[in-house]
Amino acid sequence: MRSAWRTLDRDLLRSIVLICASVAMVGISYGASAAAAGFPLWLPAVTGALVLAGSSEFLFVGIIAAGGNPFAAVAAGLLVNARHVPYGLAVPEVIEPGWRRVVGTHLMNDESVVLALSQPDIARKRAAYQLCGLGILIAWPLGAFIGSVGGSQVRDVGAFGLDATFPAVILALILPRLRDRITLRAALAGAAIALVATRYLPAGLPELLALSGLLLGT
Amino acid sequence: MTGHRTLIVGAMLTLAAGTFVFRLAGPLLRSRVEFPPLVRRLLETAAVVLLTALVATSALTQGHGFAGYARPVGVAVGGLLAWRKAPILVVVIAAAATTALLRLAFGG
């Protein structure tokens, strides 16, 4: 596997390091806000490692911290994470057979999938997906743990502009795919639908609804 | 919080298990059913559409409302640099710096 990682070009390796660093920073803020809400110190890190899907965890912890029903928190988190189904349908080849399958499946997230989509062949798709996925598997829970123990200064990611890094990274990696006219039309229609839907629907649903943009594009 | 800690841990494990099932579903279906090339292409386009929508919602919205100007302007600067083939390191730093400076200047 390590030799496969060598096939990735330097810019891509740097992007993976950068993605993991910014995931860790957001993890610190996640851990800090969970600890401030009274959750046990180990919980954000353990949740981070087991759920491994940041936005659903923020929502889950936030709903419970606000006194919400844990069942409602699970439902809200699952709704946000439903997008992993279309991700898996799009890039099933990144997951290797055998015992690696379980780990490979767990590594699926926005960043690892967008990196896989950005690569030209199966070997590099797999290498990018796995390296990024493993990096996030380390960076996210570690950040969460540091945040919950440290009661950190980074509780407000806004002051550093860190909230802009996630959409910027995904946009940069998806851009080459949008050069295709039909894809672009579907993607823009989907984004418009999602933006309107955000006003009325719970988190996660607008992005799924964006898939109807496919009908307009194709 | 300690009163229903077991319930919270149970809820967290349910979320983890459910998320794993979502991650498993796509590859499992693709290994069982052979889709024609047209459908395979459509499924890849679907992921691109989904990710683009995610960029739009995470750049522009916070909860059910507008996220303020600082974040989308930062993302747009990053996107412009990416379009001009700048390395991702430059894209990310420019996006974060633009957003941070706008907040510093205008407090939004």
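The text that follows walks through the structure, step by step, so that each part is easy to find. Just so we're clear, the structure is a prediction, and the values are computed from it rather than from any experiment.

## Side note on the environment of A:Glu57
All names here are of chain A.
Logical step 1: The topology assignment puts glutamate 57 in helix H4 (residues 54-65).
Logical step 2: A count of 27 C-beta atoms within 10 Å places glutamate 57 in the buried class.
Logical step 3: Glutamate 57 sits 150 residues away from glutamate 207 along the chain, and the two C-alpha atoms are 17 Å apart.
Logical step 4: Setting aside chain neighbours within four positions, we find glutamate 57 in contact with Tyr30, Thr47, Gly48 and Val51.

## Digging into helix H11 (residues 181-198) of chain A
Turn by turn, an α-helix covers 3.6 residues, leaving residues three or four places apart pointing in a common direction.
Logical step 1: Helix length check: H11(A), at 18 residues, gives a terminal C-alpha distance of 26 Å against a target of 26 Å (1.5 Å per residue), a fit within 8%.
Logical step 2: Of all the residues in H11(A), the buried ones are A:Thr183, A:Ala186, A:Ala187, A:Ala189, A:Gly190, A:Ala191, A:Ile193, A:Ala194 and A:Thr198.

## A word on the nonpolar core
Logical step 1: Ranked by size, the top nonpolar core spans 103 residues in total, and within it A:Ile170, B:Ala47 and B:Val49 carry the most contacts.
Logical step 2: In this view, A:Ile170 contacts A:Asp110, A:Val114, B:Leu51, B:Leu54 and B:Val55; residues no more than four positions away in its chain are not counted.

## Overview of the interface of chain A and chain B
Logical step 1: At the interface, 74 residues of chain A touch 60 residues of chain B.
Logical step 2: In terms of residue count, helix H10 (residues 165-174) of chain A provides more of the side of chain A that touches chain B than any other element does, 9 residues in total.
Logical step 3: By residue class, the composition of the side of chain A that touches chain B is 47 nonpolar, 19 polar and 8 charged.

## Brief notes about unusual backbone geometry
Negative phi characterises most residues that are not glycine, and trans characterises most peptide bonds.
Logical step 1: The backbone of A:Leu52 sits at a positive phi, close to 55 degrees, despite the residue not being glycine.
Logical step 2: Position of A:Leu52 relative to the elements: it lies in the loop between helix H3 (42-51) and H4.
Logical step 3: Of note, the phi angle at B:Lys85 is positive, near 65 degrees, even though the residue is not glycine.
Logical step 4: With respect to the element layout, B:Lys85 can be found in the loop between helix H3 (70-83) and helix H4 (88-106).
Logical step 5: Residue classification places B:Lys85 among the exposed positions, given that 8 C-beta atoms sit within 10 Å.

## Overview of the packing of H3(B) against H4(B)
Residues and elements named next belong to chain B.
Logical step 1: Two numbers describe how H3 lies on H4: the axes approach to 8 Å, and their chain directions differ by 155 degrees. Between H3 and H4, the interaxial angle falls into the category roughly antiparallel. For the pair H3 and H4, the crossing hand works out as right-handed. Between H3, through Ala70, Arg71, Val73, Gly74, Val75, Val77, Gly78, Leu81 and Ala82, and H4, the contact on the second element is made entirely by Val90, Val91, Val92, Ala94, Ala95, Ala96, Thr98, Thr99, Leu102 and Arg103.
Logical step 2: Residue composition of the contact of H3 with H4, by class: 13 nonpolar, 4 polar and 2 charged.

Conventions we followed
- Residues numbered from 1 in each chain as written.
- Chains lettered and ligands numbered in written order.
- Predicted model: local features only at pLDDT ≥ 70, side-chain atom pairs only at ≥ 80, totals over all residues.
- Helix = DSSP H or I, 4+ residues; strand = E, 2+ residues; numbered from the N terminus.
- Buried ≥ 20, exposed ≤ 12 C-beta atoms within 10 Å, placed from the backbone.
- Contact = placed C-beta atoms within 7 Å.
- Expected span 1.5 Å × (residues − 1).
- Core = buried A, V, L, I, M, F, W, Y, C linked by C-beta atoms within 7 Å.
- Nonpolar A, V, L, I, M, F, W, Y, C, P; charged D, E, K, R; others polar.
- Axes fitted to C-alpha atoms, helices over the stretch in contact; angles between N-to-C directions.
- Parallel < 35°, antiparallel > 145°, perpendicular 65-115°, else oblique.
- Left-handed = near helix turned anticlockwise from the far one by under 90°.

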